[in-house]
Amino acid sequence: MTLGQALRLGPIMLGLAACLGSGQALAAKAYDPGVTDREIKLGQTMPYSGPLSAYGTIGKATAAYFAKINADGGVNGRKITLVSLDDSYSPPKTVEQTRKLVEDEGVFLLFESLGTPTNVAVQKYLNAAKVPQLFLQSGANRWNDPKTYPWSIPGLPGYGAEARIYAKYVLANKPAAKIAVLYQNDDFGKDFLKGFRDGLGAEADRMIVASQTYETTDPSVDSQIIALAGSGADTFFSMSLQRQTSQGIRKASEVNWHPLHFIPLVSNSLRTVLTPAGVERAAGIVSTSIYKDPSDPKWQSDAEYQAWLDWMKRYYPEGSTVESLNVAAYTEAALMVEVLRRCGDELTRENAIRQATSLRDLKLPMLLPGISVTVTPDDYSPFRNFQMIRFDGSQWVPLGAPVGG
């Protein structure tokens, strides 16, 4: 080859190399349904109506968080679209709405759908279709089962682990307790009860002197509280959701029953549980938390709280700034954004699961000190520690350092 031929061939080879490089860059992108160069479409079911409609603020706050992310440029240049459908906390409706999200809307994955029985109703369907069911709002034991249901990952602390913390507390501080239990008649309540009994161990049969169940459709739990109060119990574990927890606090006070009272993390909202029941009636109640309490004055000068408050005022002005559920939604949405960010341009459902199960001691905004997120391929439970708290009549006060379940 002459020098002239080589010089003439040079630009052609450079152009070919550029084309190959561009082709390799394009090839590096991998998309599943719900993803384009400009959009990531997520799906969700939420009880905007029905007996658990108070939890609907989670969906609204999540949409508001994604609106902020989109205003800031999105995730790796892509905007997030959240399709959030009302299922009224009715499993048959959840099935209908989830199929619509997957088959009609073509979402990339399901994120933060709320409820134990509702998510159970679609778990097999989503796993068979290999559609991620990410950070769902339930802490039931069944979600930490990577071998059977690898596409389902919880976003709440395990109910069993939380219940074991209460059991340990009772054994350490009130070993002669006579315990009454109220629990929801589904996986939510039964997982709490099992964890509580496991935590009490050989003392469970001796210490638990009475138990009552309720259905989410029951108008009240008054009759159950009256029965439990009549048992002579001096300790009460209410394994219930928000409305029933609030009813239980009020009715116990009305019948002059004042046991050491425990309520779960998902039902300790100052705004929607304690205030309707009467904060004076709630004084002394024990619970757990993983989030900074937006009603606690000690966080008012905290940088994360200030960022959260600014976001609330700008993107969710109709939402309550003392509602802990709006903090939970903010933190969970930040977790989802982090997983999508780590996916980069490989926005496949398989990679979403891979990234969601590769989280180690992840710090997220508005989590309490000592609380972080860890999810591994062998252990899907995202939270390993809890902060025990007691209500002093006006705010939640921490009881010692975070503890493990």
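Heads up: the structure comes first, above all this text.
Thresholds, definitions, all that
- Residues numbered from 1 in each chain as written.
- Predicted model: local features only at pLDDT ≥ 70, side-chain atom pairs only at ≥ 80, totals over all residues.
- Heavy atoms only, no water.
- Pairing = 2+ DSSP bridges.
- Helix = DSSP H or I, 4+ residues; strand = E, 2+ residues; numbered from the N terminus.
- Axes fitted to C-alpha atoms, helices over the stretch in contact; angles between N-to-C directions.
- Contact = heavy atoms within 4.5 Å.
- Parallel < 35°, antiparallel > 145°, perpendicular 65-115°, else oblique.
- Left-handed = near helix turned anticlockwise from the far one by under 90°.
- Nonpolar A, V, L, I, M, F, W, Y, C, P; charged D, E, K, R; others polar.
- Expected span 1.5 Å × (residues − 1).
- Buried < 20%, exposed > 50% of the residue type's maximum accessible area, 1.4 Å probe, protein only.

Participant: What should I look at first to understand the sheet that holds strand β4 (residues 109–111) in this one?
Facilitator: Backbone-to-backbone hydrogen bonds join strands into a sheet, with any given pair of strands oriented parallel or antiparallel. Taken together, five strands build an open sheet; the order of strands is β3-β2-β4-β5-β6 and the sheet is parallel. Every other strand in the sheet has two partners, leaving β3 (79–86) and β6 (152–154) as the edge strands with one partner each. Sheet twist, expressed as the average angle between the axes of neighbouring strands with direction ignored, equals 25°. Across the sheet, helix α4 (residues 116–129) touches β4, β5 (133–136) and β6, and the angle it forms with β5 is around 150°. Most of the contacts of helix α14 (residues 349–356) go to β5, to which it runs at about 35°, and overall it touches β4, β5 and β6.

Participant: In this structure, what is going on with the packing of helix α2 (residues 57–71) against helix α13 (residues 324–343)? I would like to understand it.
Facilitator: Between two packed helices, what matters for the description is the angle formed by their axes and the separation of those axes. Remark: α2 packs on α13, axes separated minimally by 8 Å, with the N-to-C direction vectors making an angle of 45°. Looking at the two axes, α2 sits oblique to α13. In this structure, α2 meets α13 at a crossing whose hand is right-handed. When α2 is examined against α13, the residues Thr-57, Ile-58, Ala-61, Thr-62, Tyr-65, Phe-66 and Ile-69 are found in contact with a partner set consisting of Leu-325, Asn-326, Ala-329, Tyr-330, Ala-333, Ala-334, Met-336 and Val-337. Of the residues that constitute the contact of α2 with α13, the class distribution is twelve nonpolar, three polar and no charged.

Participant: Would you mind going over helix α6 (residues 187–200) with me for this structure?
Facilitator: Working note: α-helix, 3.6 residues per turn, so residues spaced by three or four point in the same direction. Taking 1.5 Å of rise per residue, 14 residues should cover 20 Å, and α6 covers 20 Å from first to last C-alpha, within 8% of that figure. Among the residues of α6, Phe-188, Gly-189, Asp-191, Phe-192, Leu-193, Gly-195, Phe-196, Gly-199 and Leu-200 are the ones counted as buried. Its buried side turned inward, α6 meets α4, α5 (159–173), β7 (179–184), α7 (204–207), β8 (208–214) and β9 (235–239).

Participant: For this particular structure, what's the right way to read the pairing of strand β15 (residues 385–391)?
Facilitator: On any regular strand, side chains alternate: one points to one face of the sheet, the next to the other face. Burial within β15 is extensive, with five of its seven residues counted as buried. Note: strand β11 (residues 286–289) against β15, four bridges, orientation antiparallel. Across the sheet, residue Thr-288 finds its bridge partner in β15, namely Met-388. Two elements, β15 and strand β16 (residues 396–398), share three bridges in a ladder whose sense is antiparallel. If you follow Phe-391 over to β16, its bridge partner there is Trp-396. Linking two consecutive strands that pair antiparallel, namely β15 and β16, is a turn of four residues; a positive phi of about 105° is found at Gly-393 within it.

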